[in-house]
Amino acid sequence: MSELRPNIYRTAWAGELRTASVGRRVRVAGWVHRRRDHGGLIFIDLRDSSGLLQLVFRPEEAPEAHAAAEGLRSEDVISAEGELVAREEGAVNPALPTGEVELAVGAVDLLADAETPPFQIDEDEPVGEELRLRYRYLDLRKEAMRRNLALRHDVVRTIREHLNQRGFLDVETPILTRSTPEGARDFLVPSRLSPGHWYALPQSPQLFKQLLVMGGTERYYQIARCFRDEDFRADRQPEFTQLDLEMGFVEEEDVHQLIDGLLEEVLALGGIEVRLPIERVPYDELLLRYGSDRPDRRLGVEIEDLTDVLRGSGFKVFSGAVEAGGVVRAIKAGGEWPRSRFDALTERAQSLGAKGLAWAVVEPDGWRSPIAKFLSEEEIGQVTAALDAREGEAILLVADSAAVAARVLGALRVEVADTEPAGHDLFWVTDFPMFDWNEGEQRWDAMHHPFTSPSGDLDADPGTWRSRAYDVVLDGMEIGGGSIRINRPDVQQKVFSALGIGPDEAAERFGFLLEALRFGAPPHGGIAFGIDRIAAILAGRESIRDVIAFPKAASGVDPLTKAPAPVDERQLRELGLRLEAPGR
Ligand code: ASP
């Protein structure tokens, strides 16, 4: 641990005592982790933040302390003083760093009583998450949670050191601000002083970091809290932490190289070895081969494009799709393939927007497949060969638009993969399209955000624009993303217009940014990384809640403080608010 000023509670960290200190009189303080009464002797494992130390209470040597120890219970807070002694040979505990010594207690003080905890701190039996969060301060006493928080601290410390050494300034940006469009719903805070006006909590510091660079802070970072009011999803938190950074006068390669080195150091904290440079894979290639811009490539199943092979097929489902500008793509998979499995996958494909799913099982003398009779022997041979499909393996084919084929096969490849992912898979995604077509609203959505610099011919259809954005994907999860930004007001307005934000609306919502762009904005770019997700991966935890000290439950509620909670009528009145359906 750290240096210690001896005080009335302790003169040493319990978890740090070793045989070198045998014979010393020391005082330690902490919680009663476990207590064992051996008739005469009482043993207590004392826990402080440095670890565990065994205390031994002997009735004949220290009758008062022994009598006090009889009354001690789990999680009582005590301070104990005595002589550090070597354990007898048979009593050495090699599993404990302090296992060769124990404290022969001369005196013990009870500093605070503990009620019986709702779950055992000293046992690793699973405890329901609701209960863990309700008593989070007890849950945090567990060794595993202490380690998670320490690892998270190391992640942040490593990031800070890396960036501090490279001239980055850590600058805070406002929490009460205006909406930043990152694609989620805003949390709103009503203003008491300007009735009818609202602050939004930042979905990210995006605009402020750009303004910082325009303000001459050429290298900015922040471990920033972000707020996004999204619907319930298993591992989302309404507030989360990201490493946010921005640099002036940079192109993509500058960001990539900085982050390559940073990730190498950070991921090493979890024993993940990174080979530099981190691979850069164009978006189109990922969509073609994996049907996703954040695939877990370790699953192995890859999509094969058969459009050319089946363009002239007598089977109209295939040739018709190609004629309509679509594609025919397929994956193959091993395992057992009863009819019912194909039916379930067909349903899944349809729920994802496919018209249908064609399937086949490779058998010694051809295909077992409802579509075999529509295809020539040559086509069957070509498809089998293109996928390198072996006897017993299944082939799943989708004939549809490229977008639907990617979406469907991207999802199915995850379902049919039968290899356990081994090792780690880390890569950059580059060369994104600028926009996504929003079918429901009949308009373009920014794939990253509207401040990302577009590339390509800006006088052509926005659907053809590319963007200077990039993501980082680790084991099938997007852990970071950013872009080179727009630094000219005319280009910014052009992007707004493509998104359906006309000059008036742009001036109203983003006038300050457009204005700043008129006062000499350098080319700039940056990125953000989800600290919670990275820490969870390094800690080997499924849930980011295990690396956040006080997370919300999956429902968005905090079982500890019971937030969100109703407020006084008076508070609402002060804000000029009235509830339509009180208490709902
Ligand atoms: N503001 C973006 C985000 O929060 C990151 C970036 O573009 O730097 O995802």
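Further up the page is the structure itself.
Residues numbered from 1 in each chain as written. Predicted model: local features only at pLDDT ≥ 70, side-chain atom pairs only at ≥ 80, totals over all residues. Heavy atoms only, no water.

**Q** Is there a simple way to think about the side chain of Glu-393 in this case?
**A** Here Glu-393 lies in the loop between helix H11 (377-387) and strand E16 (394-400). Taking relative accessible area as the criterion, Glu-393 reaches 17% and is therefore assigned buried. At 2.7 Å, the side chain of Glu-393 and the backbone nitrogen of Arg-390 are in polar contact. Ignoring any residue separated from it by four or fewer positions in sequence, one finds Glu-393 in contact with Lys-332, Ala-333, Gly-334, Ala-360, Val-361, Val-362 and Asp-388. (Helix = DSSP H or I, 4+ residues; strand = E, 2+ residues; numbered from the N terminus. Buried < 20%, exposed > 50% of the residue type's maximum accessible area, 1.4 Å probe, protein only. Polar contact = N/O pair within 3.5 Å; in protein donor to acceptor, adjacent residues only side chain to side chain. Contact = heavy atoms within 4.5 Å.)

**Q** Even after reading the chapter, I still don't get the pairing of strand E4 (residues 77-86), so can you show me in this structure?
**A** Consecutive residues of a regular strand have side chains that alternate between opposite faces of the sheet. With seven bridges joining them, strand E1 (residues 25-38) and E4 adopt antiparallel strand pairing. Bridge pairing links Val-26 to Gly-82 in E4. When E4 meets strand E5 (residues 101-112), the two strands line up antiparallel, connected through 10 bridges. The residue of E5 that forms the bridge with Ser-79 is Asp-109. (Pairing = 2+ DSSP bridges.)

**Q** What exactly am I supposed to notice about the site of the ligand here?
**A** Taken together, 13 residues surround the ligand, and among them Glu-182, Gln-206, Lys-209, His-449 and Arg-485 come closest. With respect to the ligand, the side chain of Gln-206 contributes an N or O atom lying 2.6 Å from a nitrogen atom. Contact between the ligand and Lys-209: an oxygen atom at 2.6 Å from a side-chain N or O atom of the residue. The fraction of the free accessible surface of the ligand (270 Å²) that becomes covered by protein chains is 89%. Taken together, the elements giving at least two residues each to the shell around the ligand come down to helix H5 (206-214), strand E23 (477-484) and strand E24 (524-530). Take the shell around the ligand: its biggest share by element is three residues, from E24. (Near = heavy atom within 4 Å. Areas by Shrake-Rupley, 256 points an atom, 1.4 Å probe, with all protein chains shown as cover.)

**Q** Whenever I open this one, a nonpolar patch on the surface confuses me. Can you help?
**A** Residues Ile-8, Tyr-9 and Leu-111 make up a contiguous nonpolar surface patch of roughly 310 Å² in combined accessible area. By secondary structure assignment, the location of Tyr-9 is in the segment before E1. (Patch = residues over 30% accessible without salt bridge, like charges linked within 9 Å, V, L, I, M, F, W, Y side chains within 5 Å. Salt bridge = Lys/Arg side-chain N within 4 Å of Asp/Glu carboxyl O.)

**Q** What am I meant to see in the sheet that holds E24 here?
**A** Sheet strands pair by backbone hydrogen bonding; their relative direction is either parallel or antiparallel. Spatially, the eight strands line up as an open sheet ordered E6-E9-E10-E24-E23-E22-E17-E11, and their pairing is mixed. Two strands lie at the open edges of the sheet, namely strand E6 (169-170) and strand E11 (280-282), each paired on one side alone. The pairing of E11 with strand E17 (residues 426-430) spans three bridges and is classified as parallel. Each residue of the ladder has a partner; that of Pro-282, found in E17, is Thr-430. Against the sheet, helix H4 (residues 143-164) engages E6, strand E9 (219-227) and strand E10 (239-248), with an angle of about 150° to E9. (Axes fitted to C-alpha atoms, helices over the stretch in contact; angles between N-to-C directions.)

**Q** What is the right way to read unusual backbone geometry from this model?
**A** What is expected of a backbone is that most residues other than glycine have negative phi and most peptide bonds are trans. Put simply, Leu-276 and Pro-277 share a cis peptide bond, and its omega is -10°. Mapped onto the elements, Pro-277 comes out in the loop between helix H6 (252-268) and E11. Residue Pro-564 follows Ala-563 across a cis peptide bond; omega there is 0°. Among the structural elements, Pro-564 can be located in the loop between helix H15 (531-539) and helix H16 (569-574). Look at Asp-431: it is not a glycine, yet its phi comes out positive at around 55°.

**Q** Quick question: what am I supposed to make of the layout of surface pockets here?
**A** Rolled over the atoms, a probe as big as a water molecule pinpoints where empty space is left. In this structure, the second largest pocket occupies an estimated 880 Å³ of space. Every residue lining the second largest pocket is counted, 32 residues in all, and those nearest its centre are Phe-187, Leu-188, Asp-229, Gly-556 and Pro-564. Mapped onto the lining of the second largest pocket, the elements with two or more residues apiece are strand E7 (188-190) and H16. Of the residues belonging to the lining of the second largest pocket, the class tally is 18 nonpolar, four polar and 10 charged. (1 Å grid on protein atoms, 1.4 Å probe; cavity = no way out; pocket = protein on both sides within 12 Å on 5 of 7 lines; lining within 4 Å. Points joined across faces, edges and corners; volume = space filled by probe spheres on them. Nonpolar A, V, L, I, M, F, W, Y, C, P; charged D, E, K, R; others polar.)

**Q** Is there a simple way to explain empty space enclosed by the protein in this structure?
**A** Tallied over the full model, the rule gives two cavities of 30 Å³ or more. By volume, the largest cavity is sized at about 40 Å³. In terms of lining, the largest cavity is formed by Ile-159, Leu-243, Leu-262, Leu-263, Val-266, Phe-529 and Ile-534. Among the elements that take part in the lining of the largest cavity, H6 stands out by supplying three residues, more than any other. By residue class, the composition of the lining of the largest cavity is seven nonpolar, no polar and no charged. Roughly 30 Å³ of internal volume is contained in the second largest cavity. Residue composition of the lining of the second largest cavity, grouped by class: five nonpolar, two polar and one charged.

**Q** It is not clear to me how the packing of helix H10 (residues 339-351) against helix H12 (residues 402-416) should be interpreted in this structure. Could you clarify?
**A** In a pair of packed helices, the angle between the axes and the distance between the axes together describe the arrangement. At their nearest, the axes of H10 and H12 sit 10 Å apart, and the two run at 145° to each other. Note that H10 runs across H12; the crossing there is right-handed. Mapping the contact onto sequence places Arg-341, Leu-345, Arg-348 and Ala-349 in H10 and Val-408, Ala-411, Leu-412, Glu-415 and Val-416 in H12. Of the residues in the contact of H10 with H12, the class split is six nonpolar, no polar and three charged. (Left-handed = near helix turned anticlockwise from the far one by under 90°.)

**Q** Is there a simple way to think about the pattern of salt bridges in this case?
**A** Close approach of charged atoms allows side chains with opposite charge to pair. With the rule as written, the count across this model stands at 57 salt bridges. With a shortest N-O distance of 2.7 Å, Glu-230 and Arg-236 are connected by a salt bridge. Looking at Arg-236, the relative accessible area reads 31%, which means it is partly exposed. A salt bridge links Arg-509 to Glu-505; the nearest nitrogen and oxygen atoms lie 2.9 Å apart. In this pair, Arg-509 and Glu-505 both sit in helix H14 (residues 503-517), four residues apart, roughly one turn of the helix. Its relative accessible area of 34% is what places Glu-505 among the partly exposed residues. Where salt bridges share partners, they join Arg-132, Arg-136, Asp-139, Arg-541 and Asp-546 into one cluster.

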